[in-house]
Amino acid sequence: MTAAPDASASPSQAFWPAQATRTRVVFVDVARAGAVLFMIMGHSLNVFLDPAYQPSVAYQILLFLRGLTSCTFLFLSGFAFTVASSHYWGAQLRPSWRVFSRLRRFAFFVALGYAMRFPVDRLEHIEFLSDRSWQTFLTVDILQCIGVTLVALQALIVITRTRRRFSIAAVALAAAIVVLTPTAWRIEWRAYLPLAIAAYLSPATGSLFPLLPWSAFMLLGAALGDVFVTAWPGEPRAFSRRVLLPGGFVLAACGVVFRFAPFSPFGQTDFWYTSPNLFLIRAGLVLIVLDPVSVLTRWAHHLPRVVAALAQESLLVYFIHIMVLYGSAWTPGLQHLLPVPFGLGLTALSAAVMLPSMGGLAWGWNWTKRRHRWVAVTCRLTVYAAFVYSIL
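Keep in mind it's a predicted model, so treat the numbers as computed, not measured.

**A look at the overall build of the protein chain**
Now for step 1: Along its length, the protein chain carries 15 helices and zero strands.
Now for step 2: By the compact-globule yardstick of 21 Å for 392 residues, the protein chain fits well, its C-alpha radius of gyration being 21 Å.
Now for step 3: Its C-alpha atoms put the protein chain at 60 × 50 × 50 Å along the principal axes.
Now for step 4: Of the contacts formed within the protein chain by residues at least 6 apart in sequence, a portion of 76% connects residues at least 24 apart.
Now for step 5: As presented, the protein chain carries roughly 19,000 Å² of accessible surface, and 69% of it is formed by carbon and sulfur atoms.
Now for step 6: One finds the centroid of the 30 positive side-chain charges in the protein chain at a distance of 12 Å from the centroid of its 14 negative side-chain charges.

Here it is in structure tokens:
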């Protein structure tokens, strides 16, 4: 488990170690940091690598693993939500500053997601947007999916009241979402709902992470997070051996069996897009992958600060690296500044620069928040003011 050292810590502790507390789980932080780095590498390959290499078997395997990275990241977000919530569960059953602060942070994730695709550099130009530009702006990416699902999980705490009912409801909702996804994706939601809402229900408007089915990974993670804090809060290895590993094999096996069964228990679906079987396989593989992470971190009570920082600042790092690689309404992005695509050598070099750069960003921001809180607040306010000023 990891947390920040206090302000009196020695300078060396800024790099090593992140001390153990009961509010964070080591294997979750390590897995989240690894998922972030793999995500950065995948997006770097998208930008830098020559498409001539994409038909290769190695690239196709990497593409599948990238999809698994997103699932892992979502699962861990739900898991971490429940672990954090369990320490002050009763305080969340009524309005409080803690709950308000949480909801504000979740809303900020959603705002970041839309900021990535802000379509104009001046607010006065927004009235001239075409329908296609509005559709691009309202595309639901992983940040919106995470933010909205976290709000839903916070509401679920209030509705269910107890942790047991919460975990049961989370599993039931996850199952319902997975089963309903094929039907939901066949509906033309724009005919019945505003574009901003329809974008959350299917990829028909270009959304990369609509709530159906991606929020199901977070709901499953939230339910298993409750199992962890209830039965094995101090024994992550036992939790992995008794829950993650067997559960992963069962889910993945069910997905494979149903995929090749002579009948389709979920009706006619597209396996690579809407099939509940693919969800079962992906969810199972996520649980299985977390087992070796749990083994490797079994005796770890400290983490390198950069690993802890990557885990804690993962969503900010995601936002920044997308801006750096793809650009925005205010920045051109490396894909427009560099003579891409590259061959294997230059691609590897570019990715090798991106990974430590984002790790350094995470560490620097995390260190600033811990050691110089008012500097961090000033930086935030400056960025907000600059954004508002730039669009007015």
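Now, onward.
**As for the packing of helix α2 (residues 57-86) against helix α10 (residues 276-296)**
Now for step 1: Here α2 crosses α10 at 75°, and the two axes come no closer than 9 Å. Between α2 and α10, the crossing angle belongs to the class labelled roughly perpendicular. Taking contact as the criterion, the partners of F64, L68, C71, T72, F75 and L76 in α2 are, on α10, R282, L285, V286, L287, V289 and L290.
Now for step 2: Considered class by class, the residues forming the contact of α2 with α10 number ten nonpolar, one polar and one charged.

**Things to note about the environment of P95**
Now for step 1: If you trace the backbone, P95 turns up in the loop between α2 and α3 (97-116).
Now for step 2: For P95 and A238, which are 143 residues apart along the polypeptide, the C-alpha to C-alpha distance reads 36 Å.

**Things to note about a nonpolar patch on the surface**
Now for step 1: Taken together, the side chains of L123, W330, F387, V388 and L392 define a hydrophobic patch exposed on the protein surface, amounting to about 420 Å² of accessible area.
Now for step 2: Along the polypeptide, W330 turns up in the loop between α12 (314-326) and α13 (334-337).

**Concerning unusual backbone geometry**
Now for step 1: Residue P213 is bonded to the preceding L212 through a cis peptide linkage, with omega at 10°.
Now for step 2: Its place among the elements puts P213 in helix α8 (residues 211-231).
Now for step 3: Cis geometry is adopted by the peptide bond preceding P341, which originates at V340 and carries an omega value of 5°.
Now for step 4: Tracing the backbone shows P341 in the loop between α13 and α14 (344-371).
Now for step 5: Positive phi is not limited to glycine here, since R161 has a value of about 75°.
Now for step 6: Note on placement: R161 falls in the loop between α5 (142-160) and α6 (163-186).

**Concerning α12**
Note on helix geometry: an α-helix contains 3.6 residues per turn, so any two residues three or four positions apart are oriented the same way.
Now for step 1: Over its 13 residues, α12 extends 18 Å from the first C-alpha to the last, a length consistent with the 18 Å expected when each residue adds 1.5 Å.
Now for step 2: Here α12 has its buried residues at S314, L315, V317, Y318, F319, H321, I322, M323 and L325.
Now for step 3: G327 lies just past α12 and shows a positive phi near 85°.

**Quick notes on the packing of aromatic side chains**
Now for step 1: Evaluated as defined, the whole model comprises 21 aromatic pairs.
Now for step 2: Between the aromatic rings of F108 and Y384, the centroid separation amounts to 6.2 Å while the plane-to-plane angle is 65°, which identifies the pairing as edge-to-face. Within this pair, whereas F108 is found in helix α3, its partner Y384 is found in helix α15 (residues 373-391), the two being separated by 276 residues in sequence.
Now for step 3: Aromatic pair F217 and F279: ring centres 4.5 Å apart, planes at 45°, arrangement tilted. Taken as a pair, F217 in helix α8 and F279 in helix α10 lie far apart in primary sequence, 62 residues in all.
Now for step 4: Using a relative accessible area of 3% as the deciding quantity, one classes F217 as buried.
Now for step 5: Given a relative accessible area of 11%, F279 falls into the buried group.
Now for step 6: Connected via pairs of aromatic rings, a cluster forms that spans F27, F75, F79, F228, W232 and F239.

**Some words on the pattern of salt bridges**
Now for step 1: Counted according to the given criterion, the structure contains four salt bridges.
Now for step 2: Residue R163 pairs with D226 through a salt bridge whose shortest N-O separation is 3.3 Å. A residue pair is termed long-range when its members are at least 10 positions apart, and R163 in helix α6 and D226 in helix α8 qualify at 63 residues.
Now for step 3: Judged by relative accessible area, D226 falls into the buried class, the value being 5%.
Now for step 4: K369 is the partner of E313 in a salt bridge, and the nearest nitrogen-oxygen pair spans 2.9 Å. Placement of E313 in the loop between α11 (305-312) and α12 and of K369 in helix α14 is noted, with a sequence separation of 56 residues between them.
Now for step 5: The class of E313 is buried, set by a relative accessible area of 5%.
Now for step 6: With relative accessibility at 29%, the residue K369 sits in the partly exposed group.

**Quick look at the side chain of R282**
Now for step 1: Checked against the element boundaries, R282 lands in helix α10.
Now for step 2: Filtering out sequence-adjacent residues up to four positions away, R282 remains in contact with L68, C71, W214 and F217.

**Remarks on the confidence of the model for the protein chain**
Now for step 1: Confidence in the prediction for the protein chain averages 86 pLDDT; 93% of positions are at 70 or higher.
Now for step 2: Taken element by element, the protein chain is modelled with least confidence in α15, mean pLDDT 87, and with most confidence in α5, mean pLDDT 96.
Now for step 3: Segment residues 1-22: pLDDT under 50, and 56 contacts once partners within four positions in sequence are set aside and those in other chains are kept.

**Focus on the environment of L355**
Now for step 1: Positionally, L355 belongs in helix α14.
Now for step 2: For L355, a relative accessible area of 25% translates into the label partly exposed.
Now for step 3: Taking C-alpha positions, L355 is 9.3 Å from S44, a pair spaced 311 residues apart along the chain.

Parameters at a glance
Residues numbered from 1 in each chain as written. Predicted model: local features only at pLDDT ≥ 70, side-chain atom pairs only at ≥ 80, totals over all residues. Heavy atoms only, no water. Helix = DSSP H or I, 4+ residues; strand = E, 2+ residues; numbered from the N terminus. Rg over C-alpha atoms; globule rule 2.2 N^0.38 Å. Contact = heavy atoms within 4.5 Å. Areas by Shrake-Rupley, 256 points an atom, 1.4 Å probe, with all protein chains shown as cover. Lys, Arg positive; Asp, Glu negative; His and termini not counted. Charge placed at Lys NZ, Arg CZ, Asp CG, Glu CD. Axes fitted to C-alpha atoms, helices over the stretch in contact; angles between N-to-C directions. Parallel < 35°, antiparallel > 145°, perpendicular 65-115°, else oblique. Nonpolar A, V, L, I, M, F, W, Y, C, P; charged D, E, K, R; others polar. Patch = residues over 30% accessible without salt bridge, like charges linked within 9 Å, V, L, I, M, F, W, Y side chains within 5 Å. Salt bridge = Lys/Arg side-chain N within 4 Å of Asp/Glu carboxyl O. Expected span 1.5 Å × (residues − 1). Buried < 20%, exposed > 50% of the residue type's maximum accessible area, 1.4 Å probe, protein only. Phe/Tyr/Trp six-rings, centres within 6.5 Å; stacked < 30°, edge-to-face > 60°. pLDDT = per-residue confidence, 0-100.

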